[in-house]
Amino acid sequence: MRLPWLGKSRKADRTPSSAVIYHTEIIADVLVPERAEHVRFFSRKLVRAGKLRTFNNRDFRELLLAAFYLGVAAVLPVSWWAAICHRVSGLRLKRHTRKDFVRYAAATRAVLGNGIDAQKLFRALLYSNHRRRLLLAVHLVGRRWSPDIRLEGLEGLQAALKRGHGAIIWCDQFTAQAIIGKRALYEAGIEANQLSVSAHGISDSTFGLRVLNPPTVQVENRFLKSRIVFERSDAYQVTGRIQKVLGGNGVVLITNSIHAGSTFTEVGIGESGWTHLASAPANFAARGKAALFSMSTFETDPFRQYRAILSPELVPAPAGAGEPTTRTGGGKNTVLQAEYILLKRDRVLEALKLYPEQMMVWSGHDRFTERPESALPDDGGS
C-alpha cells in the first residue's frame, strides 16, 4: 500500500532552506497472534535532499544558552543550578505554549489518559530540557561534580555477554539518557559503541554542525568505546560494522530515533496513542543471536541523583507449532521483529508512566497515515 503523499519530517521543514522530501509507504502490517495486535512497518526513501542553511532560527539562541550555562556550571554552586534552569525555562513559556502545547497535550493524553495535567507536564518538560543543557555544560567545564548515578539491571546484561554473542541496548529519548545513560554504563565497566548520525547534536545547520554539535559529541564520546556514524549512502557498511561489534561480543547502543534509517514501525501505546519505533534494533536481534535490552535514564533529584534502568532481556514468546524457531538466517523475519517491537513498546510505556515530563519525543494521537502532513515526531538525537 502506497501512501498518497510524500512525507516530510518537522525537523526537515524547520532547518533546511529547501525541504527534504521522502517517499513513505507501508511495507508490512504484521499481526502478532499472542498479543492480538498489529505492528505496521514503513519504508522511508529519500527523494530530494534539502540544502542546509548556514544558520537556522535556533542557532543564535542555543549559542547564547550554551555560553550562559557554561558560566553557571563554572561559577555557581550546585545548589543553585536547578532554580536557575527553572527560571530560564519560563522566559519563553508563552511562545512555546502557543506553538507546541496543543500537539503535546493531545499526544500525552492519548497515551496516559485524560486525567493527566498536560499543562504541568509541558512546563516540566521545558524545565527538564534546560537541565539537559546545563548537564552538558557541567561536563564541558570539567568541574568536580559527582552525582549519585544508580544503574539497575546490569546483571542481566552481564549474563547475556557471557553467552558471547554481544548485546544491543535500545535507548529511550529521555533528557538524561544521552550523557548520564552512557556514563552509567561506562562507570559500570561496559564499553559501548553508539550508532549515531553525522548531524547528531543541537542543530543541523552548517553552523550547528561545525560549532554547536561537536561539544555534545565530545562529551558523549568520553563514555563510549566508539561511535558508528550512520549515513544513508553506506547503510551496508554500517550494518557490517555493527555485526562485527556484536560478533566480537560487544555492546551497541541504538537510540530510538526513526529519522536516520530507511524503515520504521508504528504501534499502539497507552490509552489510544500511537508511537513510532526504530526497526533496526529489532532487525539485528531477529537476524542474529545478540541479546536485546531496553534502557531508560531518569533524573530523580536534579543534578544530584540519576536512575538508569536496563530492562530484563527482551525475549519473544516461544514459536508455536509450524512457526520458525530459530533467529538465524538470511531474510528478514517481520513477525519476530514485530514481537520485539511490542516488547520494546511495553518498556517505553512503563518508563513514560514513571517520568513522563522527561520524555523528549511523543508521537501523537493519530496514526501516521491519518495525519494531514504526515509529520513525524522530532528527532531527539542519537
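Rules used in this analysis
Residues numbered from 1 in each chain as written. Predicted model: local features only at pLDDT ≥ 70, side-chain atom pairs only at ≥ 80, totals over all residues. Heavy atoms only, no water. UniProt positions renumbered as here; feature names shortened; annotations may be inferred. Helix = DSSP H or I, 4+ residues; strand = E, 2+ residues; numbered from the N terminus. Phe/Tyr/Trp six-rings, centres within 6.5 Å; stacked < 30°, edge-to-face > 60°. Buried < 20%, exposed > 50% of the residue type's maximum accessible area, 1.4 Å probe, protein only. Lys NZ or Arg CZ within 6 Å of the ring centre and 35° of its normal. Salt bridge = Lys/Arg side-chain N within 4 Å of Asp/Glu carboxyl O. pLDDT = per-residue confidence, 0-100. Contact = heavy atoms within 4.5 Å. Expected span 1.5 Å × (residues − 1). Pairing = 2+ DSSP bridges. Axes fitted to C-alpha atoms, helices over the stretch in contact; angles between N-to-C directions. Core = buried A, V, L, I, M, F, W, Y, C linked by side-chain atoms within 4.5 Å. Bend = angle between axes of the 7 residues up to and from the residue.

### Digging into the UniProt feature "transmembrane region" (unreviewed entry) in the protein
Reasoning step 1: Summarizing the sequence annotation, UniProt attributes the feature "transmembrane region" (unreviewed entry) to residues 63-83 in the numbering used throughout.
Reasoning step 2: As a span, residues 63-83 carries 90% helix and 0% strand, and end to end its C-alpha atoms are 21 Å apart.

### Concerning the packing of aromatic side chains
Reasoning step 1: On inspection of all chains with the given rule, the structure shows 14 aromatic pairs.
Reasoning step 2: Arranged with centres 5.1 Å apart and planes meeting at 65°, the rings of Phe68 and Tyr69 form a pair that is edge-to-face.
Reasoning step 3: Here Phe68 falls in the partly exposed class, since its relative accessible area comes to 39%.
Reasoning step 4: Every member of this aromatic cluster is reached through a ring pair, and the members are Trp81, Trp145, Phe303 and Tyr306.
Reasoning step 5: Its end group placed over the ring of Tyr127, Arg131 keeps NZ or CZ at 4.3 Å from the ring centre.
Reasoning step 6: The cationic tip of Arg367 hangs over the ring face of Trp274; the distance from NZ or CZ to the ring centre is 3.9 Å.

### Points about the pattern of salt bridges
Reasoning step 1: Per the stated rule, a full pass over the model turns up 17 salt bridges.
Reasoning step 2: Linking Lys344 and Asp172 is a salt bridge whose minimum nitrogen-to-oxygen distance equals 2.7 Å. Of the two residues, Lys344 is situated in helix α11 (residues 334-354) and Asp172 in the loop between β4 (167-171) and α7 (177-187); the sequence distance between them amounts to 172 residues. Each member of the pair, Lys344 as well as Asp172, is classed as buried.

### A few points about the confidence of the model for the protein
A low pLDDT score tells you not to read the predicted coordinates there in detail.
Reasoning step 1: Looking at the protein, the pLDDT average stands at 87 and 87% of residues meet or exceed 70.
Reasoning step 2: Contacts for the low-pLDDT stretch residues 376-381, under 50 throughout, to residues beyond four places or in other chains number 34 contacts.

### Here we look at helix α5 (residues 118-141)
Reasoning step 1: Across its 24 residues, α5 extends 35 Å between first and last C-alpha, which sits within 8% of the 34 Å expected from 1.5 Å per residue.
Reasoning step 2: Just downstream of α5, Gly142 is the residue with a positive phi angle, here 70°.

### Section: the sheet that holds strand β2 (residues 37-48)
Reasoning step 1: Read from one edge of the open sheet, four strands run β1-β2-β8-β9, paired in antiparallel fashion. Only two strands of the sheet have a single partner each, and these edge strands are β1 (21-32) and β9 (273-278). Strand-to-strand twist in this sheet, taken as the mean axis angle between neighbours without regard to direction, amounts to 30°.
Reasoning step 2: As paired strands, β1 and β2 are joined by 11 bridges and run antiparallel to one another. Bridge pairing in β2 links Thr24 to Arg44.

### Overview of the sheet that holds strand β6 (residues 226-230)
Reasoning step 1: If you walk across this open sheet you meet the seven strands as β3-β11-β10-β4-β7-β5-β6, and the pairing is mixed. Lying at the two open borders of the sheet, with one neighbouring strand each, are β3 (148-152) and β6. Adjacent strand axes in the sheet meet at a mean angle of 25°, parallel and antiparallel pairs treated alike.
Reasoning step 2: In the sheet, strand β5 (residues 192-197) pairs with strand β7 (residues 251-255) via four bridges, with the strands oriented parallel. Looking across to β7, one finds that Asn193 is bridged to Val252.
Reasoning step 3: Set on the sheet, helix α10 (residues 280-287) makes contact with β4, β7 and β10 (291-301); between it and β4 the angle comes to about 160°.

### Here we look at the side chain of Arg227
Reasoning step 1: Here Arg227 lies in strand β6.
Reasoning step 2: Taking relative accessible area as the criterion, Arg227 reaches 15% and is therefore assigned buried.

### Quick notes on the nonpolar core
Reasoning step 1: Ile242, Tyr340 and Leu352 are the most contacted members of the largest nonpolar core, which has 53 residues in total.
Reasoning step 2: At 10 residues, α11 tops the list of elements feeding residues into this core.
Reasoning step 3: Ranked by size, the runner-up nonpolar core spans 43 residues in total, among them Tyr69, Leu134, Leu154 and Phe223.

### Some points on helix α4 (residues 93-112)
Reasoning step 1: Look at α4: only 23 Å from first C-alpha to last across 20 residues, short of the 28 Å you get at 1.5 Å a residue.
Reasoning step 2: Taking the largest bend as the criterion, α4 deviates by roughly 60°, centred on Asp100.
Reasoning step 3: For α4, the full list of buried residues reads Phe101, Tyr104, Ala105, Ala107, Thr108, Ala110 and Val111.
Reasoning step 4: Looking at the buried positions of α4, the neighbouring elements they touch are α5, β8 (263-269), β9 and α11.
Reasoning step 5: Downstream of α4 by a residue or two, Gly113 has a phi angle that is positive, lying close to 100°.

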